[in-house]
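As a plain string of letters, each chain reads:
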Amino acid sequence: MDVLLYLFIGAATVLALTYLHRSKMTFISQHPDDYDAHGHMLNLREHLNGPLICEGVLYGPLGKVSSRFVADMNVTWDGNIGTMTEHFRYDDGSTQDRCWTLTLGNDGSVKATAPDVVGEGSGMAKGHALQLLYKLKLSDDAGGHVLDAVDWMYVVENGSIMNRSQFRKFGIKVAELVATMRKVDAGVQKAA
């Protein structure tokens with residue numbers, strides 16, 4: 001009987017520590033309220049506006065770089081409705097296009113849709129950060145899986161945006177993205 005009690009206590013302890021770690025000490029435990037109004041404030045209509053260049057890397061489930069990319073983006077606004085087109089070029093020569101529709105609320109809330117997003121993504125901008133949560137359906141070539149995505153965007157002092165995203169299936173991280181987004185200077189041509 002003592003062995004069963006020790007097994008139960010051990011299992012309960014592991015579950016409690018896992019929950020505590022995941023809910024308080026990891027990337028996905030962040031909350032918009034963690035970022036108060038100090039420093040450079042994120043204004044989506046200002047920082048995500050016009051032509052942008054995005055450069056980043058994708059990491060696989062074991063933390064190794066699985067792909068690198070450059071993307072040309074363009075964002076236009078009509079009041080609180082934004083349209084963001086993206087054209088990705090990956091290091092293996094493949095390309096991908098996506099068009100987001102962003103709807104801003106007066107309270108900092110964000111709703112986001114795209115053809116490969118299941119339903120509607122939701123987020124909140126606060127201080128210098130934006131959190132966006134959504135379900136991303138991979139292409140049939142990539143297995144057609146639906147992944148839970150958590151995007152965090154942070155504006156830095158020069159107006160560039162640092163983006164970190166994690167993608168999970170059944171709660172297990174299967175990919176991570178780290179990228180910068182910055183305005184295209186008038187005199188700089190897009191990468192070929």
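What counts and how
Residues numbered from 1 in each chain as written. Predicted model: local features only at pLDDT ≥ 70, side-chain atom pairs only at ≥ 80, totals over all residues. Heavy atoms only, no water. Helix = DSSP H or I, 4+ residues; strand = E, 2+ residues; numbered from the N terminus. Buried < 20%, exposed > 50% of the residue type's maximum accessible area, 1.4 Å probe, protein only. Contact = heavy atoms within 4.5 Å. Areas by Shrake-Rupley, 256 points an atom, 1.4 Å probe, with all protein chains shown as cover. Core = buried A, V, L, I, M, F, W, Y, C linked by side-chain atoms within 4.5 Å. Pairing = 2+ DSSP bridges. Axes fitted to C-alpha atoms, helices over the stretch in contact; angles between N-to-C directions. Salt bridge = Lys/Arg side-chain N within 4 Å of Asp/Glu carboxyl O. Phe/Tyr/Trp six-rings, centres within 6.5 Å; stacked < 30°, edge-to-face > 60°.

Chemist: Tell me about the overall build of the chain, and name the residues and values.
Modeler: For the chain, the helix and strand inventory stands at two helices and 10 strands. Put simply, the chain has 192 residues, and 38% of those count as buried. If you take every contact in the chain between residues at least 6 apart in sequence, the share linking residues at least 24 apart comes to 35%. For the chain, the accessible area works out to roughly 11,300 Å², and carbon and sulfur atoms hold 59% of it.

Chemist: Summarise the nonpolar core; cite the residues concerned and give the values.
Modeler: Core analysis: the largest hydrophobic core is formed by 36 residues, its most contacted members being Leu 44, Phe 69, Met 73, Trp 100, Tyr 134 and Phe 167. In terms of residue count, the dominant contributor to this core is strand β2 (residues 65-78) (five residues). Each residue touching Trp 100, except ones within four places of it in the same chain, is listed here: Gly 82, Thr 83, Met 84, Glu 86, Ala 112, Thr 113, Ala 114, Val 117 and Tyr 134.

Chemist: Lay out the sheet that holds strand β4 (residues 95-104) in plain terms, naming residues and giving numbers.
Modeler: An order of β1-β2-β3-β4-β5-β6-β7-β8-β9-β10 is seen for the 10 strands of this closed barrel, with the pairing classed as antiparallel. Direction aside, the axes of adjacent strands within the sheet are offset by 25 degrees on average. In this sheet, strand β5 (residues 109-113) lies alongside β4 in antiparallel orientation, the contact comprising four bridges. Within β5, the position partnered with Leu 104 by the bridge is Val 110.

Chemist: A description of the pattern of salt bridges should follow, citing residues and the corresponding values.
Modeler: Oppositely charged side chains can pair when the atoms bearing their charge come close. Under the criterion given, the structure shown has nine salt bridges. The closest approach of N and O atoms between Glu 176 and Arg 164, which form a salt bridge, is 2.4 Å. With Glu 176 in strand β10 (residues 172-183) and Arg 164 in strand β9 (residues 161-169), the pair connects residues that are 12 residues apart, well separated along the chain.

Chemist: Give me the lowdown on the packing of aromatic side chains, citing residues and values where you can.
Modeler: The geometry of an aromatic ring pair comes down to the distance between the two centres and the angle between the two planes. Per the counting criterion, the structure on display carries five aromatic pairs. Judged by centre distance (5.3 Å) and plane angle (80 degrees), the ring pair of Trp 100 and Tyr 134 falls under edge-to-face. Of the two residues, Trp 100 is situated in strand β4 and Tyr 134 in strand β7 (residues 129-137); the sequence distance between them amounts to 34 residues. Judged by relative accessible area, Trp 100 falls into the buried class, the value being 5%. Residue Tyr 134 is classed as buried on the basis of its relative accessible area of 9%. Each member of the aromatic cluster is reached from another via a ring pair, and the members are Phe 69, Phe 88 and Tyr 90.

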